[in-house]
Amino acid sequence: MTAEDYLEGQVILIDKPLTWSSFQAVNKLKYILKRKYDLPKKFKIGHAGTLDPLATGLLIICTGKFTKKITEIQAQAKEYTGTITVGATTPSYDLETEVDATFPIEQITEALILETTKQFLGEIDQKPPVFSAIKKDGKRLYEHARAGEEVEIAFRKTTIYEFEITRIALPEIDFRVTCSKGTYIRSLAFDFGKALQSGGYLSALRRTKIGDYSVVDGVSPEAFE
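Small disclaimer: the values here were computed from a predicted structure and weren't measured.

What counts and what doesn't
Residues numbered from 1 in each chain as written. Predicted model: local features only at pLDDT ≥ 70, side-chain atom pairs only at ≥ 80, totals over all residues. Heavy atoms only, no water. Helix = DSSP H or I, 4+ residues; strand = E, 2+ residues; numbered from the N terminus. Rg over C-alpha atoms; globule rule 2.2 N^0.38 Å. Buried < 20%, exposed > 50% of the residue type's maximum accessible area, 1.4 Å probe, protein only. Core = buried A, V, L, I, M, F, W, Y, C linked by side-chain atoms within 4.5 Å. Contact = heavy atoms within 4.5 Å. Patch = residues over 30% accessible without salt bridge, like charges linked within 9 Å, V, L, I, M, F, W, Y side chains within 5 Å. Areas by Shrake-Rupley, 256 points an atom, 1.4 Å probe, with all protein chains shown as cover. Salt bridge = Lys/Arg side-chain N within 4 Å of Asp/Glu carboxyl O. Polar contact = N/O pair within 3.5 Å; in protein donor to acceptor, adjacent residues only side chain to side chain. Arc of directions from axis to C-beta.

This part is about the overall build of the protein. Within the protein one finds seven helices and 13 strands. In summary, the protein has a C-alpha radius of gyration of 19 Å against a globular reference of 17 Å for 225 residues, a match within 12%. Along the first, second and third principal axes, the C-alpha set of the protein runs to 60 × 35 × 30 Å. Buried residues in the protein amount to 46% of all 225 residues.

Set out below in structure tokens:
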């Protein structure tokens, strides 16, 4: 690769490590490329779809003229694998915050779990987590949440194409989901727990695909360097 290649445009597949923000990953690659190729200050680089710090997996990074492809890539279907822990909830719907309530799980059977997944297939109404980057009244929702402010969050339409249960070892339920742009898997975990007459939060998440791009072809930021 040459400086010109990156300026003309490249799609880089990164396997984002746990605890890294998507912003950190982009900054790391920007630093690597600018240092190696002496690229101009205005060198463009960006990612096609945020991945939470507590999630791992596919982060697509576009450089140069290919940053124009970001919107198109973001619009494609996504695949995730992960774990929902039932019997409890957290304010963030994942492990970013502590458990705030516990619920019984004795009523949860394999048959109930498999039957309940059917409720979530197709177009569904979903409320984004209060700990998310969506803006409300000029502030990110997570900023309102951390300030202890109550905010009304509107439901959004999203589509779940596949919802497969891959392991049941209560309180853990492993899954694979394919979904449309804008789906919050944390909200899916929370709603799924509720539908089981219990509680639920996301305890692990990995993005495995965006459209035809797969994490199998991705590299860690260190490997890229």
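From this point, the narrative continues.
Counting residues in hydrophobic clusters, the biggest one holds 37 residues, and the most contacted among them are Leu33, Ile61, Phe163, Phe175, Val177, Ile185 and Phe192. Elements that contribute at least two residues to this core include exactly β1 (11–16), α2 (22–37), β3 (56–63), β4 (78–86), β10 (156–169), β11 (172–179), α6 (185–195) and β12 (200–210). Top element by residues in this core is α2. It accounts for five residues. Dropping the residues within four chain positions of it, Phe175 is found in contact with Tyr80, Thr81, Gly82, Thr83, Ile84, Phe163, Glu164, Ile165, Thr166, Ile185, Leu202 and Leu205. Counting nine residues, the second-largest nonpolar core is a separate cluster that includes Ile70, Ile73, Ile210 and Val215.

Another aspect to go through is a nonpolar patch on the surface. Taken together, Leu18, Leu54 and Leu95 make up a surface patch of nonpolar side chains, about 270 Å² in accessible area. When you line up the elements, Leu18 lands in the loop between β1 and α2. Of the residues examined, Leu18 reaches a relative accessible area of 48% and is grouped as partly exposed.

Right, let's get into the side chain of Asp15. Summarising the element assignment, Asp15 is placed in strand β1. A distance of 3.4 Å separates a polar side-chain atom of Asp15 from the backbone nitrogen of Gly57. Within the structure, Asp15 has its side chain in polar contact with the side chain of Arg206 (distance 2.8 Å). Dropping the residues within four chain positions of it, Asp15 is found in contact with Gly57, Arg206, Val215, Gly218, Val219, Ser220 and Pro221.

On to helix α4 (residues 110–117). For α4, the full list of buried residues reads Ile113, Thr116 and Thr117. Looking straight down α4, one finds that the buried residues subtend no more than 105° of arc, so they occupy a single side. Its buried side turned inward, α4 meets β10, β11 and α6.

Attention now moves to unusual backbone geometry. Residue Leu170 is joined to Pro171 through a cis peptide bond whose omega torsion reads 15°. In the Ramachandran plot, Asp38 falls in the positive-phi region, its phi being about 55° despite a non-glycine side chain. Judged by its relative accessible area of 70%, Asp38 falls in the exposed class.

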